[in-house]
Amino acid sequence: MPTPEVIEAHLYSIHILAAKTEALSDANKPKTLKKFDIPDSMELRELKYLNNTKGLVQYSPGFRTMKGTLELDVVKDSPILTTIKAAYLARKPIWVACIEHPDAAAGAQGVLYEGVIGSYPMTLEAGALVSVSIEFGINEFEPI
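Each value, and the rule that gives it
- Residues numbered from 1 in each chain as written.
- Predicted model: local features only at pLDDT ≥ 70, side-chain atom pairs only at ≥ 80, totals over all residues.
- Heavy atoms only, no water.
- Helix = DSSP H or I, 4+ residues; strand = E, 2+ residues; numbered from the N terminus.
- Rg over C-alpha atoms; globule rule 2.2 N^0.38 Å.
- Buried < 20%, exposed > 50% of the residue type's maximum accessible area, 1.4 Å probe, protein only.
- Areas by Shrake-Rupley, 256 points an atom, 1.4 Å probe, with all protein chains shown as cover.

Chemist: Describe the overall build of the protein, listing the residues and the values that go with them.
Modeler: Assigned secondary structure in the protein consists of one helix and eight strands. Counting from the amino terminus, helix and strand elements in the protein follow one another as β-β-β-β-α-β-β-β-β. Compactness check: the protein gives a C-alpha radius of gyration of 19 Å against a globular reference of 15 Å for 144 residues, more than 25% above the reference. Seen through its C-alpha atoms, the protein measures out along the principal axes to roughly 75 × 40 × 30 Å. Taking all 144 residues of the protein together, 33% fall into the buried category. Working note: accessible area of the protein is about 9,500 Å², and carbon and sulfur atoms make up 55% of it.

Written out as C-alpha cells, the structure reads:
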C-alpha cells in the first residue's frame, strides 16, 4: 500500500533530532505531526512568617517543570521513528527544534529543546502510518 500524500500545514517547522548538532532537513521533519505541547509550570514554595501582620502565606518561585506530549503519525521504518525508539531504549535525550521565523537571524529563529522520552506507546494500526504519542520531559532549551 503506498504512503498517503500529506499536505503540510504547520504553524512552525518542527524537527526531531538524534544529536544537538544534527542539521535540519526534510528527513527529520515529521509531515504528520499532530501535536507538540510543552506546558511550563513553576513550583511555588510556601513561606510562612510569624511576624507577617496580614497573616498571609507568601510564595516563592521554585523549580520549573516542562513536560509535554509529542504526537505524530509516521511511516513504520522512518528515520524519525528510529531516532525516537533508539533514544527511548538507550535512555538518551533527543532534540526538538521548533522554527518560528526561518528567515530571522541566528538566535531569533526559534527554540531547540533537549528532552527525554518518558513513554513510548505506539498504536499498531492497519495502514501505512504508525501513530505515536510520547511523553516528553524537557531538560534544557535554548534559542536557535
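Chemist: So, unusual backbone geometry: which residues are in play, and what are the values?
Modeler: Located in the positive-phi region is Arg-91, a residue other than glycine, with phi close to 60°. Take Arg-91: its relative accessible area is 75%, and that puts it in the exposed class.

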